[in-house]
Structures are given as C-alpha cells and as structure tokens.
Number of protein chains: 2
Amino acid sequence: MSDITRVALDAMGGDNAPSEIVKGAVEAVQRRKDILILLTGQEEVLKKELSQYTYPKEQIRIVNATEVIETAEPPVKAIRGKKDSSIVVAMKLVKDGEADAFVSAGSTGAILVGGQVLVGRIKGVERPPLAPLVPTLKGVSLLIDCGANVDARPSHLVQFAKMGSIYMESIIGKKNPTVGIVNIGAEEEKGNALVKETFPLLKACPDINFAGSVEAREIPYGNVDVIVCEAFVGNVILKLYEGVGGALMKKVKKGMMSTLRSKIGALLVKPALKATLKDFDASEHGGAPLLGLKGLVVKTHGSSASKEVCNSIIQCVTFKEQKINEKIKASIQETQEEERESE
Amino acid sequence: MSDITRVALDAMGGDNAPSEIVKGAVEAVQRRKDILILLTGQEEVLKKELSQYTYPKEQIRIVNATEVIETAEPPVKAIRGKKDSSIVVAMKLVKDGEADAFVSAGSTGAILVGGQVLVGRIKGVERPPLAPLVPTLKGVSLLIDCGANVDARPSHLVQFAKMGSIYMESIIGKKNPTVGIVNIGAEEEKGNALVKETFPLLKACPDINFAGSVEAREIPYGNVDVIVCEAFVGNVILKLYEGVGGALMKKVKKGMMSTLRSKIGALLVKPALKATLKDFDASEHGGAPLLGLKGLVVKTHGSSASKEVCNSIIQCVTFKEQKINEKIKASIQETQEEERESE
C-alpha cells in the first residue's frame, strides 16, 4: 500500500462539479497506476458520471456523502453542521489514515477550517498557510500565505518561509530557493510593523535563502522563488494578478478586433500568442497546498476544469514521495529545540 | 492674480530631470494662459534648458535652488538637511502663499514628508493620503491611500473615503462616486481587524456612496470609483498593477515575434492595439495628489516624460477652480462638529 497515493477527492465542490471533477479523476487514473481515488459525494450522481468513462475501475472508489457545502456558507458553521458533506467525509478519510491527501475545488473557507479542525496541524506549526503558485516570466513563484487567517504574527511568517522553501525545493525542484518578504520598498527600515519585526528574524534564519524585501512590482518577473506575506496581502496579490491579467487580455483582444487590418493580423498572431501565454498559466502546476497539516490538503481553483483537477491529484503523489510533511516536521521542531536550548 | 494658478515645479526630480520636466512646463504654458510656473532648481542649468524653446516668457520664472534630493536619501533627513533643494524651496513657496500647488517627479518619501512638515495639513485631517488613479476597463478609479504612512486606523480610512469622493467628483467629474473598501471577500464579516472595524463606519457615513467590500480581482474592471485601503495594501496594488501589466505585455510581444506568421500579424495588429491600450494608461490623467494639505501637492511618476508633467500641471488648475481644499475642509470639519455634538 505504501507506494500507492490515496487521494480523497471532493466531487461536489467547485463551479464545474461534479462533471469536471469526476473527469479529472478519470484522467488521473488513466495516466498513473499508483493512485487510488476516494471520490466523496452523492453516490447515485457520481455513479452516473463515472459510467461515461472507460478507466481502471479498481482505482476509483465512491464514498457516499449526501450533503454539499456551498461557497457562500459560513465555514465554521458548515464544517460543524454538515457532517455528511463531501468535504467533511473526505477530510475524515485523511484524518483516519485512509487517505494520504485531500483535493477540492470547493469553498476555500470550509477547506481552511476543515484542514485545521479535522485534519489537524503538525505539532509546532502555528498556522497552516495556503500557498498557491503564481506565474512569472521565469516560471512560477510560491505565494505564501493566501489563506483566511489574517493579522499574522512575525513567527508565523518565519514558519511560512521555511515551509515554502521546502515545498519549492521538493515539489517544484528549485534548488536552494530564494525567499523574499513583500514590502513597500527595498530598504530594511521600510514597511509596516509586521514586516519590520519579521525582516531581522528571516535574515537570521539559517535554513532559508533570504533575499530581503520584494516589491509587488517585481513579483511577475520571478526574481524570488518564495514570496512571504500575511494572508490579507497575499489574497490581494493573488486576486489582483488574476484581475489585471484578465482585464488586460480583454483589452488586447478588443484592440485586435477593432479594425479589418487588425482582425487579419489577429488570425496570424493567435497560435503563437496562445502558446506563449500558456507559460503564464499557473494551473499547469495543480492546486494550492495548505501546508503544515498532518495530511496533504490541496485547494484547486473554484473554476477548475478536469485538467487542473487531474494535475492537483498527480501533485499529491510527488508530495507523498518527497515526504514533505516529514521535512516540515523536522524543520519546525529543530527550530523549537534550538529556541528551548537558547532560553 | 486669483484666476491664475501658480505652480511650483520641482525641475530636478525624477529620472528624466531636468530636461523632460522643463519641456513639460513649456508645453503647459503653451497650452494655457492661466498658469504661472515657478521652476525650482539650479538656475544656470534651467536657463540653458529653457533657451531651447519658444514660449510666453512671463509664464515661467526660475527660482534658484542649488541642492537636489536623491530618491535613495532618507526622506526626513533630506527635508531637514537640504534647505536649498528644489523640493524644499518649491514647497516653501506653497507654504508662504506664493504658489497654489507643488508638482514633482522626485522622491516620493521626501514629497510625503515635506508635504506634512512644510505645507502642513488642513485642520482636522489626521493623515494626508497619496491617491493615484489606476486604469480600469471603464476609465479610472482612485486608489487611496498609497502613501508611506502604513498601519492606518479606521478613522483615517473614513477620511480617505471622504477626500477621495470629493476628488473623484470634482476633478474626474464622476457624479456621486461609489466607494469600496479593499477586502478578501464580499461579506461584511470578512477581513482583517482594520477592515472589520472600518466597514460599519463607512456604512454609517452619510456623505459617501458606500458600495461595500471590493476584492482585488474586481479593481481592474472599474466597478468602484474610490478604492479605500491602508497604504501598505495600496502600495502593493499600485505596484503589482504595473508589474503584471508590464510582464504580460512582454509575453504578448514575445509571442507575436516568435514565428514568421505571427510577425506579419503583429505588423497588422500593432496600430489598433496601441490605440486600445492607450485607454489603459493612467498617465493621461496627470499625477497622484497628496490630499488634505493646505496647498495642492502632486506626485508624478518618477519616469514621467513631458506629457505627464504637463498633464499634472494642468490638473492643478482644475484642483484650484474646483476649490477641493475648501470642500475637504468643510467635509472634515462638519464631521467633527457632529461628533462633538453627539458627545
């Protein structure tokens, strides 16, 4: 069983559930033999969806869950109240050791709450950060934290830097990744109270490759691998990325369609443009992990299509193979022992 | 004298100083009769620059200032130490009532410090915000605050909302502008401590058109006119706008140049694309005002060319005509009287 990665997949979460989620599960097992998917959701609906596909039947099992948590529901209430929801049932599979990982395109709030309450934190981790990859001109950077726990403390940010470095090195394969802290200027004395307090702690941290402050302007150019920030700021960065990108591409398309001449040009430009812009698409790399939990919890974009779901599932295999949680545990506990010694 | 707007222009600040600054001054007086420019900087240098142009001589006067504040200098030290710098000399002209407005492409930090220390705040204004316009699919929105004073209080944000509304209505001509607060979700209970405290205050504020939370994703679509946030977040938004826009356009250009076919297409697409993207360029609207000061202080982009300098100068005329400062004064003092009455 040890070389099989068991993924509990929330079949009912996200804008395109259950059809695209189920399709993503099928694609994943068609591609890899070493995955077992535990698909949580309404049994009858899922059976019907699955009946459309040809795939190795033993690699997908349905686990019935009658309830669905909607995106607009208050997360804590939803996790507590809907015990038979696809999210709660799937997370319990991770908690009980029946699954190694959890993947969902559903309510971010519910996943963050459930991750902490049901799956539980690794001992010593103060706050589990949500860490999506953002596209850059050089590839991708890890933006940590974009979760729902705002108003972080400096010690949280230091843990984010460590966990993010482990993830970038082990999963993305970036050796000795650089770490930057989001700031409003390059100098050490700049910033808000949180950044000013955190900066020297990161500078003194022996197990990360700290590169100092990073201004938001530089993020898309990809000069820093792990971008550390408090969740409110991370959320603003993640969503503005999407907003500016979307609005600008709309403008570009409108410009191309504005004259007869430009329309002809657009036909000629289109294939090359599409290929280049594909690089600037982080969905190729799967979903965002919620790091520091006892099992792997991955949040994929709410609008995920099957490709992103499939990538997120396959990402879990690497996560397990690379023993990320063991590495995080060691890194966090090492620091705490040092702190105890120096007290 | 009352229908002439007198602008103290820092001729030595910015990447393209003094040549583009002087050129911008010349363009402004060539376009409008009702402007007097007091050009501060090294007299000999400026005389030489001006000698290249034909323009109404009586509309530009040189005020000698021998020192220059560099961008990297610590702002407080620079303002205190360099009494004969182009920034300090120009700001003193505003303070002494010899100029109505100050325009500079120089060090943002020095301008923010100088604005508060030399020009001085309008009575009752707790903190003067820097409020640039950001381009959107519908035109522009005012992003307030992007200054250097981070860790704001709820009462500051309420004043930003009021001052921003006055600016958008009077200068940009947007009737009854909508106000949104940057947040990580649409619901009132979401957000960090600052946003949660500020939200009900904005909701209860009678003289603004509050539209609730705005997620960063929505900003580029222009559904809200005045975007209120704390300076750290505002700075991140402003700079990421620039970063994502720049990186994405680089990608688009690279894509267009990648094959022979796409190169031909690019030639056909270029003029139309350029015209459309011009709309997505906030420099058309001049610089960012530092609101709530006794005179007008305008910061133009460090890389400003003459066009942006000229637009920033002309913006000062509208600012004076529209009596923005009187309106801000009335709005802030009215609230304070109400507060006193209710105590």
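Since we're looking at a predicted model, the values are computed, not measured.

S.K.: Just to check I follow, could you spell out the overall build of chain A for this structure?
M.R.: Across its full length, chain A carries eleven helices and eleven strands. Its C-alpha radius of gyration of 21 Å places chain A within 12% of the 20 Å reference for a compact globule of 343 residues. Across the 343 residues that make up chain A, the buried fraction comes to 58%. Considering only contacts in chain A between residues 6 or more positions apart, those separated by 24 or more positions represent 72%. Accessible surface for chain A amounts to roughly 14,400 Å². Of this, 52% is attributable to carbon and sulfur atoms. Looking at chain A, you have 45 positive and 43 negative side-chain charges, and the mean spots of the two groups are 6 Å apart.

S.K.: Whenever I open this one, the sheet that holds strand E6 (residues 139–144) of chain B confuses me. Can you help?
M.R.: Within a beta sheet, neighbouring strands are joined by backbone hydrogen bonds and run either parallel or antiparallel to one another. All names here are of chain B. Pairing in this open sheet of five strands is mixed, and the strands run E5-E6-E9-E7-E8 from one edge to the other. Taken across any chain shown, the strands that pair with only one partner, and hence form the sheet edges, are strand E5 (133–136) and strand E8 (209–214). Taken over all neighbouring pairs, the strand axes of this sheet differ in orientation by 30 degrees on average, direction set aside. Here strand E7 (residues 178–182) pairs with E8 via five bridges, running parallel. Looking at the pairing, Thr-178 lines up with Asn-209 of E8. Contacts between helix H8 (residues 231–256) and the sheet are confined to E5, E6 and E7, with E5 contributing the most and set at about 50 degrees to the helix.

S.K.: Help me understand the relation of the copies chain B and chain A in this model?
M.R.: The two chain copies are related to each other by a rotation about an axis together with a translation along it. Relative to chain A, chain B is turned by 180 degrees and slid 0.0 Å along the rotation axis, the superposed coordinates differing by an RMSD of 0.1 Å. On this basis, the relationship between the two copies can be described by a two-fold rotation axis. Minimal C-alpha distance to the rotation axis in chain B is attained by Gly-265 of chain B, lying at 1.9 Å. Taken as a fraction of all interface residues of chain B, those also at the interface in chain A reach 100%, which identifies the copy contact as same-surface.

S.K.: How should the pairing of E7 of chain B be read in this particular structure?
M.R.: Moving residue by residue along a regular strand, the side chains alternate between the two faces of the sheet. All names here are of chain B. Here E7 lies mainly inside the structure; five of its five residues are buried. Where burial is concerned, the two faces of E7 agree: the one with Thr-178, Gly-180 and Val-182 and the one with Val-179 and Ile-181 are both buried. Following the chain from E7 across helix H7 (residues 193–203) to the adjacent parallel E8, one finds a crossover that is right-handed. Here three bridges tie E7 to strand E9 (residues 226–228), and the two strands are oriented parallel to one another. Residue Val-179 lies in a different strand from E9, and its bridge partner there is Val-226.

S.K.: Got a minute to help me understand the packing of aromatic side chains in this structure?
M.R.: Pairs of aromatic rings are described using the distance from one ring centre to the other and the angle between the two planes. Residue and element names in this part refer to chain A. This structure, assessed with the given rule, holds four aromatic pairs over all chains. Ring plane angle 75 degrees and centroid distance 5.2 Å describe the contact between Phe-199 and Phe-210, whose orientation is recorded as edge-to-face. Residue Phe-199 is found in helix H7 (residues 193–203), and its partner Phe-210 is found in strand E8 (residues 209–215); the two are separated by eleven residues along the sequence. You can call Phe-199 buried: its relative accessible area is 6%. Sitting above the plane of the Tyr-55 ring, Lys-57 keeps its charged end 4.1 Å from the centroid.

S.K.: Looking at this model, I keep getting lost on the sheet that holds strand E3 (residues 60–64) of chain A. Mind explaining?
M.R.: Residue and element names in this part refer to chain A. Read from one edge of the open sheet, six strands run E3-E2-E1-E4-E11-E10, paired in mixed fashion. The sheet is open, and its two borders are formed by E3 and strand E10 (288–290), each paired with just one other strand. Across the sheet, the mean angle from the axis of one strand to that of its neighbour is 25 degrees, orientation sign disregarded. Running over the sheet, helix H1 (residues 19–31) touches strand E1 (5–10), strand E2 (35–41) and E3 and is turned about 170 degrees from E2.

S.K.: Looking at this structure, how should I read the confidence of the model for chain A?
M.R.: Detail in the predicted coordinates should be disregarded across regions flagged by low pLDDT. Averaged over chain A, the pLDDT score is 91; the fraction of residues at 70 or greater is 96%. The complex model carries a pTM of 0.90, and its ipTM stands at 0.89.

S.K.: Mind showing me how you'd approach the nonpolar core here?
M.R.: The nonpolar side chains of a soluble globular protein tend to be buried, and buried together. Core analysis: the largest hydrophobic core is formed by 183 residues, its most contacted members being Ile-37 and Leu-39 of chain A together with Ile-37 and Leu-39 of chain B. Setting aside residues up to four positions removed in sequence, Ile-37 of chain B forms contacts with Val-7, Leu-9, Ala-25, Ala-28, Val-29, Gln-59, Ile-60, Arg-61 and Ile-313 of chain B.

S.K.: So what exactly am I meant to see when it comes to empty space enclosed by the protein here?
M.R.: Gaps between atoms show up when a probe of the same size as a water molecule is rolled over them. Residue and element names in this part refer to chain A. Counting across every chain of the model gives one cavity of 30 Å³ or more. Empty space within the largest cavity amounts to approximately 40 Å³. In terms of lining residues, the largest cavity is bounded by Ser-141, Val-214, Glu-218, Ile-219, Asn-223, Val-224 and Ile-227. Looking at the lining of the largest cavity, its residues break down into four nonpolar, two polar and one charged.

S.K.: Looking at this structure, how should I read the interface of chain B and chain A?
M.R.: Where interface size is quoted, it is often the accessible area lost as the parts come together. Taken together, the contact between chain B and chain A spans 55 residues of the former and 55 residues of the latter. Taken over both partners, the interface formed by chain B and chain A buries close to 5,100 Å², and the fraction arising from carbon and sulfur atoms is 76%. Looking at the side of chain B facing chain A, the largest losses of area belong to Ile-184, Phe-232 and Lys-251 of chain B, adding up to 14% of the total buried there. Across the pair Glu-215 of chain A and Lys-239 of chain B runs a salt bridge whose closest N-O atoms are separated by 2.3 Å. Across the chain B-chain A interface, the total number found is 14 residue pairs in polar contact (both at pLDDT 80 or more). Elements supplying a minimum of two residues to the side of chain B that touches chain A: H7, H8 and helix H9 (260–278) of chain B. Counting residues per element, the side of chain B that touches chain A draws most heavily on H8 of chain B, at 22 residues. Classifying every residue of the side of chain B that touches chain A gives 32 nonpolar, 13 polar and ten charged.

S.K.: How should I be thinking about the pattern of salt bridges in this particular structure?
M.R.: As a working rule, side chains carrying opposite charge can pair if their charged atoms are close by. Within this structure, the stated rule accounts for 19 salt bridges over all chains. Of the charged contacts in the structure, one is a salt bridge between Asp-100 of chain B and Lys-320 of chain B, with a shortest N-O distance of 3.7 Å. Here the residue Asp-100 of chain B occupies a position in the loop between helix H4 (86–95) and strand E4 (101–104), and Lys-320 of chain B occupies one in helix H10 (residues 306–321), the gap between them amounting to 220 residues. A single network of salt bridges, built from pairs that share partners, joins Arg-6, Asp-100 and Lys-320 of chain A.

S.K.: How should I be thinking about the packing of helix H6 (residues 154–170) of chain A against H7 of chain A in this particular structure?
M.R.: In helix packing, the relevant descriptors are the interaxial angle and the interaxial distance, both defined with respect to the helix axes. Residues and elements named next belong to chain A. Contact pair H6 / H7: the axes reach a minimum separation of 9 Å and the direction vectors enclose 50 degrees. Between H6 and H7, the interaxial angle falls into the category oblique. The handedness of the crossing between H6 and H7 is right-handed. Contacts between H6 and H7 involve Pro-154, Leu-157, Val-158 and Ala-161 on the former and, on the latter, Leu-194, Glu-197, Thr-198, Leu-201 and Leu-202. Split into classes, the residues belonging to the contact of H6 with H7 amount to seven nonpolar, one polar and one charged.

S.K.: Any chance you could explain a positive patch on the surface here in plain terms?
M.R.: All names here are of chain A. A grouping of Arg-80, Lys-83, Lys-92, Lys-95, Lys-294 and Lys-329 is seen on the molecular surface, where their side chains present a positively charged patch. Inspection of the secondary structure assignment puts Lys-329 in helix H11 (residues 324–342). The class of Lys-329 is partly exposed, set by a relative accessible area of 41%.

Cut-offs and rules
- Residues numbered from 1 in each chain as written.
- Chains lettered and ligands numbered in written order.
- Predicted model: local features only at pLDDT ≥ 70, side-chain atom pairs only at ≥ 80, totals over all residues.
- Heavy atoms only, no water.
- Helix = DSSP H or I, 4+ residues; strand = E, 2+ residues; numbered from the N terminus.
- Rg over C-alpha atoms; globule rule 2.2 N^0.38 Å.
- Buried < 20%, exposed > 50% of the residue type's maximum accessible area, 1.4 Å probe, protein only.
- Contact = heavy atoms within 4.5 Å.
- Areas by Shrake-Rupley, 256 points an atom, 1.4 Å probe, with all protein chains shown as cover.
- Lys, Arg positive; Asp, Glu negative; His and termini not counted.
- Charge placed at Lys NZ, Arg CZ, Asp CG, Glu CD.
- Pairing = 2+ DSSP bridges.
- Axes fitted to C-alpha atoms, helices over the stretch in contact; angles between N-to-C directions.
- Least-squares fit on C-alpha atoms with pLDDT ≥ 70 in both.
- Right-handed = clockwise from strand over helix to strand, strands pointing away.
- Phe/Tyr/Trp six-rings, centres within 6.5 Å; stacked < 30°, edge-to-face > 60°.
- Lys NZ or Arg CZ within 6 Å of the ring centre and 35° of its normal.
- pLDDT = per-residue confidence, 0-100.
- Core = buried A, V, L, I, M, F, W, Y, C linked by side-chain atoms within 4.5 Å.
- 1 Å grid on protein atoms, 1.4 Å probe; cavity = no way out; pocket = protein on both sides within 12 Å on 5 of 7 lines; lining within 4 Å.
- Points joined across faces, edges and corners; volume = space filled by probe spheres on them.
- Nonpolar A, V, L, I, M, F, W, Y, C, P; charged D, E, K, R; others polar.
- Buried area = accessible area lost by both parts, 1.4 Å probe.
- Salt bridge = Lys/Arg side-chain N within 4 Å of Asp/Glu carboxyl O.
- Polar contact = N/O pair within 3.5 Å; in protein donor to acceptor, adjacent residues only side chain to side chain.
- Parallel < 35°, antiparallel > 145°, perpendicular 65-115°, else oblique.
- Left-handed = near helix turned anticlockwise from the far one by under 90°.
- Patch = residues over 30% accessible without salt bridge, like charges linked within 9 Å, V, L, I, M, F, W, Y side chains within 5 Å.

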